[in-house]
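Results of the structural survey
What follows is the residue order along each chain.
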Amino acid sequence: MNPRLALVATALAAVVSSVTPWQGADAATGLRAKIFLTQKGVPRSLSESGVIRFARSNKAIRLRESVDAPVEERQWKATLVASFNAPLGDSEFEVLFYDIQTAERKFIAPAMTVFVNDRNQRTIVHKLRLKRPQFEPNRRLEMVVTVRRQEVGRYRFQILGDRVQHGGEVTFSDDEAR
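Conventions adopted
- Residues numbered from 1 in each chain as written.
- Predicted model: local features only at pLDDT ≥ 70, side-chain atom pairs only at ≥ 80, totals over all residues.
- Heavy atoms only, no water.
- Helix = DSSP H or I, 4+ residues; strand = E, 2+ residues; numbered from the N terminus.
- Buried < 20%, exposed > 50% of the residue type's maximum accessible area, 1.4 Å probe, protein only.
- Areas by Shrake-Rupley, 256 points an atom, 1.4 Å probe, with all protein chains shown as cover.
- Contact = heavy atoms within 4.5 Å.
- Pairing = 2+ DSSP bridges.
- Axes fitted to C-alpha atoms, helices over the stretch in contact; angles between N-to-C directions.
- Patch = residues over 30% accessible without salt bridge, like charges linked within 9 Å, V, L, I, M, F, W, Y side chains within 5 Å.
- Salt bridge = Lys/Arg side-chain N within 4 Å of Asp/Glu carboxyl O.
- Lys, Arg positive; Asp, Glu negative; His and termini not counted.
- Charge placed at Lys NZ, Arg CZ, Asp CG, Glu CD.

**A short note on the overall build of the protein**
- Along its length, the protein carries four helices and eight strands.
- Overall, the protein shows an N-to-C arrangement of helices and strands of α-α-β-α-β-β-β-β-β-β-β-α.
- Residues classed as buried in the protein amount to 35% of the 178 residues present.
- Accessible surface computed for the protein: about 11800 Å², of which carbon and sulfur atoms make up 51%.

Dropping the structure here:
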């Protein structure tokens with residue numbers, strides 16, 4: 001084979017392999033994340049490893065709702081700490097929520113997109129607000145973190161709170177009672 005032709009063929013193969021659409025998905029398969037939720041404020045002065053230690057030691061398995069509003073308007077506030085095993089390499093990742101109370105896992109829409117300032121970050125701290133009526137109290141949930149549609153981490157937890165109480169009192173007018 002002509003050496004010049006072999007060089008052109010090698011260069012063409014390198015260009016074609018660098019732009020294949022499945023390469024992004026393959027790159028994400030090695031990415032993994034440790035996920036933590038905490039309801040305590042994460043101190044800003046901590047290093048990256050300090051944030052991970054704080055999140056691990058203060059992780060919340062049961063989230064309690066805020067009680068400063070009427071029951072219908074309450075929400076669960078928490079801080080998500082995602083620690084990736086390598087730089088994220090993307091400007092965003094998605095957080096999906098599933099209700100796992102029953103045998104069949106039920107998706108709770110919509111997915112939450114978390115934008116990242118630096119693609120080389122490995123630890124992300126993000127504040128979450130889970131609002132009613134999408135999220136119901138006293139349910140077991142699973143949070144799934146995805147990067148480029150590839151699942152990289154999961155976290156199971158419960159949300160605890162008061163149910164809406166109905167008075168059970170019914171009033172009828174005189175016309176309706178007849």
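Picking up where we left off.
**Overview of the side chain of Thr146**
- Mapped onto the elements, Thr146 comes out in strand 7 (residues 139-147).
- Not counting chain neighbours up to four residues away, the residues in contact with Thr146 comprise Phe93, Glu94, Leu96, Glu151 and Val152.

**Description of the pairing of strand 7**
- Here strand 7 lies mainly inside the structure; eight of its nine residues are buried.
- Pairing of strand 4 (residues 92-99) with strand 7, which is carried by six bridges, proceeds in the antiparallel orientation. Its bridge partner being in strand 7, Leu96 is matched across the sheet by Val144.
- Pairing analysis gives nine bridges linking strand 7 to strand 8 (residues 150-160), with the strands arranged antiparallel. Pairing of Val144 across the sheet is with Arg154, part of strand 8.
- From the end of strand 7 to the start of strand 8, which pair antiparallel, there are two residues, and Arg148 there has a positive phi angle of about 50°.

**Regarding the sheet that holds strand 5 (residues 106-115)**
- The strand order across the open sheet formed by five strands is 2-8-7-4-5, and the pairing between neighbours is mixed. Strand pairing shows two members of the sheet lacking a second neighbour, strand 2 (62-64) and strand 5, which therefore form its edges. Averaged over all neighbouring strand pairs, the angle between strand axes comes to 30°, with direction disregarded.
- Note: strand 4 against strand 5, seven bridges, orientation antiparallel. Of the residues in strand 5, the one forming a bridge with Asp99 is Lys106.

**Quick look at helix 3 (residues 48-57)**
- Taken together, the buried positions of helix 3 are Gly50, Val51, Ile52, Phe54 and Ala55.
- Check the buried side of helix 3 and you find it contacts strand 1 (33-38), strand 3 (75-84) and strand 6 (123-131).

**Let's talk about a positive patch on the surface**
- Taken together, the side chains of Arg44, Lys77, Lys127, Arg129 and Lys131 define a basic patch exposed on the protein surface.
- If one sorts the elements of the positive patch by residue count, strand 6 sits on top with three residues.
- Inspection of the secondary structure assignment puts Arg129 in strand 6.

**Section: the sheet that holds strand 3**
- An order of 1-3-6 is seen for the three strands of this open sheet, with the pairing classed as antiparallel. Each edge of the sheet is formed by a strand with only one pairing partner; in this case those strands are strand 1 and strand 6. Within this sheet the neighbouring strands show an average axis-to-axis angle of 25°, counted without direction.
- Here nine bridges tie strand 3 to strand 6, and the two strands are oriented antiparallel to one another. If you follow Trp76 over to strand 6, its bridge partner there is Leu130.

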